Amino acid sequence: EAQVTQNPRYLITVTGKKLTVTCSQNMNHEYMSWYRQDPGLGLRQIYYSMNVEVTDKGDVPEGYKVSRKEKRNFPLILESPSPNQTSLYFCASSFGDEQFFGPGTRLTVL
Amino acid sequence: GQNIDQPTEMTATEGAIVQINCTYQTSGFNGLFWYQQHAGEAPTFLSYNVLDGLEEKGRFSSFLSRSKGYSYLLLKELQMKDSASYLCAVRVHSNYQLIWGAGTKLIIKP
């Protein structure tokens, strides 16, 4: 089944404790992206990648890192999480017009 | 700057028709997308317009007027399962980047 997977789905952590949210797609898509979604603000792009080893900042990259060492995986790294990074995070991939989204990761930073 | 406006919330009755509007002001235009998002779930693709006019897909239709920077999503024969948020997004350039509206929460009443 063609899909985008994310792990973990839910995470509660504390300020400053490094964490990684994994994202994997099995559709051989070149483009992958990370979004955060907060009430009233819609989807805001954090980072995106046009292909392996090619990444670029989106609208809200501060406090996040990404890597794209292989086509299928695009992990999101929070080196020192802070409470303002509490949000719902979505990974997405795309080849043509449609973006396919992962199920989301609900992150709470205390 | 880039701006996409949608109503925050709309209410409609089961079996009726509802129109959700989206206006945009962006530095470029290479297509407009509508996505549906049920609460706590990932967005899913509904429609794509790049030329002016109406695109029909079953109970859902989407209209675009590029000269007016305006689109609408028309939902007919509303069902309770249509209760969701509807996200409007614009592709500004010929890559995969999307600018997202904050979404319209549609509430369907019996």
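Okay, so let's go over this structure. (Residues numbered from 1 in each chain as written. Chains lettered and ligands numbered in written order. Predicted model: local features only at pLDDT ≥ 70, side-chain atom pairs only at ≥ 80, totals over all residues. Heavy atoms only, no water.)

Points about the interface of chain B and chain A
The partner chain A presents 20 residues to the 18 residues of chain B that form the contact. Taking both partners together, chain B and chain A bury about 1600 Å²; carbon and sulfur atoms supply 54% of that area. Where chain B packs against chain A, one counts one salt bridge. Between Arg 91 of chain B and Asp 97 of chain A there is a salt bridge, with its nearest N and O atoms 3.0 Å apart. Within the residue set of the side of chain B that touches chain A, elements represented by two or more residues are strand 4 (32-37), strand 5 (44-49), strand 9 (84-91) and strand 10 (98-100) of chain B. Sorting elements by how many residues they give to the side of chain B that touches chain A places strand 4 of chain B first, with three residues. Split into classes, the residues belonging to the side of chain B that touches chain A amount to 11 nonpolar, five polar and two charged. (Contact = heavy atoms within 4.5 Å. Buried area = accessible area lost by both parts, 1.4 Å probe. Salt bridge = Lys/Arg side-chain N within 4 Å of Asp/Glu carboxyl O. Helix = DSSP H or I, 4+ residues; strand = E, 2+ residues; numbered from the N terminus. Nonpolar A, V, L, I, M, F, W, Y, C, P; charged D, E, K, R; others polar.)

Details of a nonpolar patch on the surface
Judged by side-chain polarity, Ile 12, Val 14 and Leu 110 of chain A come together as a nonpolar surface patch covering roughly 320 Å² of accessible area. Examined against the element boundaries, Leu 110 of chain A turns out to sit in the segment after strand 11 (105-109). (Patch = residues over 30% accessible without salt bridge, like charges linked within 9 Å, V, L, I, M, F, W, Y side chains within 5 Å. Areas by Shrake-Rupley, 256 points an atom, 1.4 Å probe, with all protein chains shown as cover.)

Observations regarding the packing of aromatic side chains
All names here are of chain B. All chains considered together, the criterion is met by 15 aromatic pairs over all chains. Arranged with centres 5.1 Å apart and planes meeting at 15°, the rings of Tyr 24 and Phe 29 form a pair that is stacked. You can call Tyr 24 buried: its relative accessible area is 9%. Take Phe 29: its relative accessible area is 24%, and that puts it in the partly exposed class. Between Phe 63 and Tyr 72, the aromatic rings sit 5.0 Å apart at their centres with planes inclined by 20°, giving stacked as the arrangement. A relative accessible area of 22% places Phe 63 in the partly exposed class. Tyr 72 gets classed as buried once you look at its relative accessible area, which sits at 16%. (Phe/Tyr/Trp six-rings, centres within 6.5 Å; stacked < 30°, edge-to-face > 60°. Buried < 20%, exposed > 50% of the residue type's maximum accessible area, 1.4 Å probe, protein only.)

Details of the environment of Glu 56 of chain B
Residue and element names in this part refer to chain B. Of note, Glu 56 is situated in strand 6 (residues 53-57). In this structure, the C-alpha to C-alpha distance between Glu 56 and Ala 102, residues 46 residues apart in sequence, is 24 Å. Excluding anything up to four places from it in sequence, Glu 56 contacts Ser 61 and Lys 76.

Some thoughts on the side chain of Gln 36 of chain B
All names here are of chain B. Tracing the chain through its elements places Gln 36 in strand 4. Overall, Gln 36 belongs to the buried group, its relative accessible area being 12%. Every residue in contact with Gln 36, bar those within four places of it in the chain, is listed here: Ala 42, Pro 43, Thr 44, Leu 46, Phe 60, Lys 81, Asp 82, Ala 84, Ser 85 and Tyr 86.

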